[in-house]
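Each chain, written out:
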Amino acid sequence: MKKIIPLLLLFALIPTLLLAQNTFRVMGRVTDKQGEPLVGANVFIKALNMGAATDLDGKYTFDVPKELAKGQSVALSVTYVGYKSQSVNIILTGNSIEQNFQLEEDIFESETIVVTGIASRTSKSVSEIAVSRIPAAELTAVQSYQGINQLLSGKVAGVQLKPTSGNVGGGFSFFVRGGGGLNGDEQPMIFVDGIRVDNTEIVGYGRGGQGFSILANLNVQDIEKIEVLKGPAAAAMYGTNASNGVVMITTKSGKLLPGLGKAVSIDYKYNFGINTPSFKYKASDFLSVKDNDRANKIYKDGFIRDHFISASGGTGILRYYASFQNRIEEGILDPIKGDRKTFKVNVAAYPADNLSMKFNTGFAYNFIQAPNNDNNIYGYLGNTLLALWGFTDSAAVANFQDKNNNNQFLGSYSITWSPIPNMDVNASVGMEDSDWRQDQIYPAQYRYGTINKGSKRIYNRHFRGFTYDLNARYSYDIIEGLRSTSIIGTQISDRRVQTSYMNAEQFGSQYIMNIGSGATIREYNEGAAHNRDAGIYFENDFSYKDTYFWTLAVRRDYASAVGRAAPAITYPKASFALRLDKMFKLPEQIDLLKLRAAYGVSGQLPANDDGIPLLWSAVNAGHGIGAVLNAIGNESIKPEEIKELEVGFETEFLNMFSLEFTYFRQNASNSIVDKQNAPSTGLTASAVPFNIGGMKNWGFESLLQVNPIRGRDYNLSFSFIWNYQNNEVTDLGGAQPIFDGFDVNVIKEGLRKHEFYTWKTKGAKFDANGKYIGVEATEDRVDLGNPYPDHYGSFTVNFRFLKNFNLYALAEYGLNNKVYNLTKQFAIQYNNNTTYEELKAKLGLTTKYPEIQRLEVGSAEYKAAAEQYAKMNYVYDGNFIEDADFLVIRELSLSYDFTELISEFIPGNYIRNFVVGFSAYNMFKFSKYTGADIEVNFEGSRSLSRGQDFLTLQNPKVFNFWFQIGF
Amino acid sequence: MKKIKILKYVPLLVFLTVFACEDYVTSVDPFIDRVEDAVLDREDQVNFLVIGVQDAAAFCIDDLFIAADGLSDQLFFTRAVRNATYPTYEQIDLGDILLDNNSIDAAYTPLHRFRKYADTLIARIDRITFKDESIKKNGLYNAYLYGGLARYFSATYFGLTQESGGDAINRSAIIPSAKLYDLAVEKWKNALNFAATDAQKRLVNSLIARAYLFKGDYANAATYAKDGMKNGDPVFDAKYNTLNDNNYRVQAGELRSQFVLTQRMVDYVTKDPKEANRIPFKKASLATGATGTYYYQYKYKLDPGTGLITGIPLMTWQENNLMLAELILRGAASGDALALVNEVRASHQIDPLTEITLNDPSKPSIVEERDKELCFQGMRLPDERRFGIWHLPGKWQYLPIPEGERNENPNF
């Protein structure tokens, strides 16, 4: 709608300029299929830049100078939000023309404008690439989401999101298509209102493996829409590091309220929610559960209170949106807390017909507190699932503090100027400035392993980033029917990070733990990094008779991250789309049929010191301050290059079905492989980067939408996403396989990225008498599957019934998914696995459980028990890699719109809407996996370790009750 | 016309942008915490580099000695002790060591780092023109001293197979321990040329003596031990501070007792409480539900008074005395072995012995005195091998050269 309003203004003024007497009139009426008038539809002749909007009766009229009528054929077009646009050819003879339109409802929003590139946007019906659009504002109206990961999960074909733990504000990772190339952290570039935002997982002083997502600062209720470009074919013009796609978040802008006679609308939403454990540990798995359910007793329900108020409105030349949110959230363990306050002010001004400006600002203050967990001895889970408070006392675990305070400012200013018809010049500057402060305390009165009389740790991080964009777009007709749009632009990114930290121990009193009162400084240091990227791009889009569409584009990119000399990298792109339904006379049941193909190249930058051969740093150790090698680089390093080809189609048929399908294939070359020198060289300060690797990934993504029931009182729609992804590491340039810290996930030629590759037990060994004497393991490592499903997707139902009830449900599934259950492996080592202990007793390997009867050596039962025992042998990691196919009932919501009812009792229009709802998140999870959660990862969201569940906090089930009232 | 006017600026804009981009991206803040290699080719950076070698050696030594003593019969691993969790330590204790054991990586990789730093320091000093020769001399003395120490560690602690010692240097084929001892001695003889004091010379002589002793070349060992460290010479040690803690203290000591003393070591003190002066230990906390009494070493600790962390001795005059005594008993040197041993005992206020043997288990012996005097200093592992008292038959007697070296070394 906001795109149309400037046009409306433009067209409204045109008739007044054309009061010449030598005119003829173009007029008609625009209605829907039922004959109801459509008010405010734009009707125009693009070739003449003339047109008008329809009135309350759906009528339009505008005058055209007779001198422009030369008997030519021109397209008379009509556009209206929510309806498919139409064009008819008319002959301009100088006589009046009457042309009526009957528009079809755009059920599947194929006419909605989406972003298809850095400066290009078009409707999905003619897009040459696969682009996903998430109507965030519609979703947040019926569901309560903690953050953007929950909002996106299951809704974008070809994109998987994994929250790595159940902490509030916890890290999460994107996995787009087949995971891109070998390099980088697989994360897409994220833009908020044109600002490239920091997507780092903030760890600071560890609390186990988990970090926090800086994106947790975003208030999802401020988001209008999210658009996702999924690979180089679409995102090449974003330059290096766009190989994993681009996520563009657009926040809400001020809206006029036509017909209501109000200059402002105010909305308030209150949400009360409960986080509750989604998994209960079983007595059959853990002795510490069998013992009075002690492993489950640490959990509790955590409450959520979320207040959100927004105001929106404006006039013809100035519109505004402002909001405030305060979300207070408790987790399922006592220390988990979050308190986020966000402020947002977006202002748009239209001071002239050819000039618009937008000022978007957002500020977030976010407090997050998390406990220790994962692979460390101070965590709740380690002390209940391995040894019952055996590593650290329960009071010590409970009183550990990890408090994080962060502020983030996001601001952007953009201006669009049309100096001549069909030309737009866009300039924007965006800024992100964030501070993160962590205070971690191990109180002095408790004993924590290696910590001596308490520890206070402070971590500070300051990030400042600027994004500059300047581009110009000019459209013109080359010949009749062949339209060209040329885009030229530049994009610059400047990012600085500074960190500092300090750790003191040995406190005299637990009551005074400022860092200066610690007797021993264990650590202090600082870090800084500064990176700049800059690119210039040129793109030319062509369309012929609204049937054929093609684009050619190229970007020249520069980056400071590549060594001392900034090499230029060139990324090309080409794409093509064909509207078959306009080319041929197809059966009338087919409403839309479009084929498309796109090719593009992007990359992943090396680390910012990869291009420097030897770097030394200073170390402060026992002999004093000395020089040690810090990094070993390679002067000739260049970015990894990722080429992608995608082909696909979109179709709509029977006025009820919509189907999108995309096949993609990505080839990564010159991938940077960090080759570890042999330790005996002594040059092991870091691995050495070489452009010697390669990988490929391929798959498809599909989205089927069905809308069988549409009506005033009932509306039913389904959508089904089915994705397939596969990949293979094709080349490591002779380097040894690269393993994660736990030596299980691997990057190895011939295998998928992150594949589980390790030893496992083949079976038990017996002596001549049939007595168990040990295990027989595989002679070498074996391929044990992947922590990412190859087939995955979601199923959504949206049902409005009895006019005012709305039911929404979303389920996600994944097949051929594996998870490494380290929790179980270590519970066995610590004699806390119920089954293993029973087997041990049955085999006579322990006398600890006299109540369990020993089996007769050599008997069938004995052998079966021995085989089972051998397959639980904790020495071999492969014994704990489990099938983890899943079906998750992710979202469920039911709401009732009381607006109509209220209007009967309260006269006037003081209350614009009033909706009450209930929603649930992570309602049910079905999986063969025996651990707590298929989605966690003990090393957070960025390391090579994936799909490893090691004492990691489960993601909770969430229930929300909310109401929304609008004035 | 207006259209044309605007469009004519586009090529100019493109031209300027292309050239501006490259300048823009290279104008970034310099590193604050790192410097390129060539910058250090200066006289005034040599002491900074020397300390780097010493610190790098200290990074290795604590982890190396935990592993060596864990594999020997001085320490053992048990989950009965609170917070004893590393499966890699368990493997070391049992001698069933997998090649991907990262506790051994933690010693092996830093060992070769400090060797490399020491070796490249010699080449770097050669590139520098010095105004102050003492800086050059100190640099070369330390470079040779630590270069030799690294080769001695390789010879003593690492092996390609369970029963044969040796290591690679810079991806070489395996160099047997005997040859590595020779290489260490060669370095140390060079160090003697740059020693600034007699005490430095005596230290180097003791190190050479030990290399020969472990190699089994008793005659040469005796020659150097006679000119080795003497009572009053300062200990040569790896130093630690609170920023780089002694990992022996952290993982096998007062902070986390992942290795505890075998009963043998406890019995020494039970039998003669004064032995606690050189075998200090304390009672370890038990894991929940565990029973028994276990003790952790308290040789390496944080002194609450001074805030200093105990260093790890690498050579002492006491060890030189015991070497000489051993060589006398082996017939390679002359002198009073018992007096040498008793001088050592007296330094810990322990009563003198009346007799001493080489390795008679029924009588006071050199092997037992070394066990007590040099406890937790990585000496028991080579002594078990030298004196034929290996306690884990059929298991690793050396720390295995890790998988990373085996995979990346084409000469293996």
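Residues numbered from 1 in each chain as written. Chains lettered and ligands numbered in written order. Predicted model: local features only at pLDDT ≥ 70, side-chain atom pairs only at ≥ 80, totals over all residues.

1. What about the overall build of chain B?
For clarity, the cut-off: Helical segments are the DSSP runs of H or I of at least four residues, strand segments are the runs of E of at least two, and each set is numbered from the N terminus. The exposure label follows from counting other C-beta atoms within 10 Å of a residue's C-beta, where the C-beta atoms are placed from the backbone and the thresholds are 20 or more for buried and 12 or fewer for exposed, leaving partly exposed in between. The contact criterion used is a C-beta to C-beta distance within 7 Å, with each C-beta placed from the backbone.
In terms of helices and strands, chain B carries 16 helices and 11 strands. For chain B, the spread of C-alpha atoms along the three principal axes comes to 115 × 60 × 50 Å. Across the 412 residues of chain B, 50% fall into the buried class. Sequence separation of 24 or more characterises 69% of the internal contacts of chain B that already satisfy a separation of 6 or more.

2. A word on the overall build of chain A
Note the cut-off: The reference for a compact globule is 2.2 Å times residues^0.38; the radius of gyration itself is calculated from the C-alpha atoms.
A count of helices and strands for chain A gives 12 helices and 52 strands. Taken against the 2.2 N^0.38 rule, which gives 30 Å for 967 residues, the C-alpha radius of gyration of chain A at 31 Å falls within 12% of a compact globule. With the C-alpha coordinates aligned to their principal axes, the bounding extent of chain A is approximately 110 × 70 × 60 Å. Looking at the 967 residues of chain A, the share that counts as buried comes to 51%. Contacts in chain A between residues at least 24 apart in sequence constitute 68% of all its contacts with a sequence separation of at least 6.

3. Some details on the sheet that holds strand 47 (residues 818–821) of chain A
All names here are of chain A. What counts, and what does not: When DSSP finds two or more bridges between a pair of strands, those strands are recorded as paired. Interaxial angles span 0 to 180 degrees and are taken between N-to-C directions of axes, which are lines fitted to C-alpha atoms, for helices over the stretch in contact.
Ordered in space as 48-47-51, the 3 strands form an open sheet in which the pairing is mixed. Pairing within the sheet leaves two strands with one partner each, and these edge strands are strand 48 (881–883) and strand 51 (948–949). Across 2 bridges, the pairing between strand 47 and strand 51 is parallel. Pairing of asparagine 821 across the sheet is with aspartate 949, part of strand 51. Sheet strands touched by helix 9 (residues 822–829): strand 47 and strand 51. Its angle to strand 47, the strand with the most contacts, is close to 25°.

4. Here's the deal with the sheet that holds strand 2 (residues 42–45) of chain A
Residue and element names in this part refer to chain A. Across the sheet, 4 strands lie side by side as 3-2-5-6; this open sheet has antiparallel pairing. Of all the strands in the sheet, just strand 3 (50–53) and strand 6 (83–91) have a single pairing partner and so form its edges. Going across the sheet, the axis of each strand differs from the next one's by a mean of 15°, ignoring polarity. When strand 2 meets strand 3, the two strands line up antiparallel, connected through 4 bridges. Looking at the pairing, phenylalanine 44 lines up with glycine 51 of strand 3.

5. Remarks on the interface of chain B and chain A
What counts, and what does not: Any residue outside Ala, Val, Leu, Ile, Met, Phe, Trp, Tyr, Cys, Pro, Asp, Glu, Lys and Arg is labelled polar, Gly included; the first ten of those are nonpolar and the last four are charged.
At the junction of the two partners, chain B supplies 64 residues and chain A supplies 61 residues. Of all the elements in the fold, those that place two or more residues in the side of chain B that touches chain A are helix 1 (2–7), helix 2 (9–26), strand 1 (35–36), helix 3 (46–71), helix 5 (102–127), strand 6 (236–240) and helix 16 (403–408) of chain B. It is helix 2 of chain B that provides the largest number of residues to the side of chain B that touches chain A, a total of 9 residues. Residues that form the side of chain B that touches chain A fall into these classes: 26 nonpolar, 18 polar and 20 charged. Two elements, strand 33 (residues 614–621) of chain A and strand 1 of chain B, share 2 bridges in a ladder whose sense is antiparallel. Its bridge partner being in strand 1 of chain B, leucine 615 of chain A is matched across the sheet by glutamate 36 of chain B.

6. Considering the packing of helix 6 (residues 133–157) of chain B against helix 7 (residues 177–194) of chain B
Residue and element names in this part refer to chain B. Stated formally: Oblique is the label for any angle not covered by the other classes, which are roughly parallel (under 35 degrees), roughly antiparallel (over 145) and roughly perpendicular (65 to 115). Helix crossings fall into two classes, left-handed where the near helix is turned counterclockwise from the far one by less than a right angle and right-handed where it is turned clockwise.
Here helix 6 crosses helix 7 at 165°, and the two axes come no closer than 8 Å. Viewed along their axes, helix 6 and helix 7 adopt a mutual orientation that is roughly antiparallel. Between helix 6 and helix 7 lies a crossing of left-handed hand. Along its contact with helix 6, which presents Lys137, Leu140, Tyr141, Tyr144, Leu145, Gly147, Gly148, Arg151, Tyr152, Ser154 and Ala155, the element helix 7 presents Ser177, Leu180, Tyr181, Leu183, Ala184, Lys187, Trp188, Asn190, Ala191 and Phe194. For the contact of helix 6 with helix 7, the residue count by class is 13 nonpolar, 5 polar and 3 charged.

7. Let's talk about the nonpolar core
Here is the rule: Under the definition applied here, buried Ala, Val, Leu, Ile, Met, Phe, Trp, Tyr and Cys residues are grouped into a nonpolar core through C-beta atoms within 7 Å.
Counting residues in each nonpolar core, the largest one holds 273 residues, and the members touching the most others are Val53, Ala57, Leu64, Phe114 and Val260 of chain B. No other element matches the 17 residues that helix 3 of chain B contributes to this core. Leaving out residues up to four positions away in the same chain, valine 53 of chain B has contacts with Phe114, Tyr117, Ala118, Leu121, Asn142, Ala143 and Tyr146 of chain B. If you look at the next biggest cluster of nonpolar residues, it comprises 20 residues, including Ala53, Phe62, Val74 and Leu76 of chain A.

8. Details of helix 4 (residues 87–94) of chain B
Residues and elements named next belong to chain B. Summarising burial for helix 4: 6 of the 8 residues are buried, a large majority. Here the buried face of helix 4 lies against helix 3, strand 2 (75–76) and helix 5. Where helix 4 terminates, the next one or two residues include glycine 95, which has phi positive at roughly 75°.

9. Concerning the confidence of the model for chain B
Defined as follows: Per-residue confidence from the predictor is given as pLDDT, running between 0 and 100.
Residues at a pLDDT of 70 or more form 95% of chain B, whose mean pLDDT is 94. Per the prediction output, this complex has pTM 0.87; the corresponding ipTM is 0.94.

10. Remarks on helix 3 of chain B
Test applied: Here, expected helix span is obtained from the residue count minus one, scaled by 1.5 Å.
For helix 3 of chain B, with 26 residues, the first-to-last C-alpha span of 37 Å sits near the 38 Å given by 1.5 Å per residue. Among the 26 residues that make up helix 3 of chain B, 24 are buried, leaving the element largely enclosed by the rest of the structure.

11. A word on the environment of tyrosine 874 of chain A
All names here are of chain A. Structurally, the position occupied by tyrosine 874 is in the loop between helix 11 (860–870) and strand 48. Classification of tyrosine 874 as partly exposed rests on a count of 18 C-beta atoms within 10 Å. Placed 721 residues apart in sequence, tyrosine 874 and serine 153 show a C-alpha to C-alpha distance of 34 Å. With near-sequence residues (within four places) excluded, tyrosine 874 lies in contact with Gln825, Ile828 and Gln829.

12. Details of the pairing of strand 1 (residues 23–32) of chain A
Residue and element names in this part refer to chain A. As defined by bridge partners, strand 1 adjoins strand 4 (residues 59–65) across 7 bridges and the pair is classed as antiparallel. Residue pairing for strand 4: valine 26 is matched across the bridge by phenylalanine 62. For strand 1 and strand 7 (residues 97–98), the ladder comprises 2 bridges, and the chain directions are parallel. When the bridges of strand 7 are listed, valine 26 appears paired with isoleucine 97. When strand 1 meets strand 8 (residues 101–103), the two strands line up parallel, connected through 3 bridges. In the strand pairing of strand 8, valine 30 is matched with phenylalanine 101.

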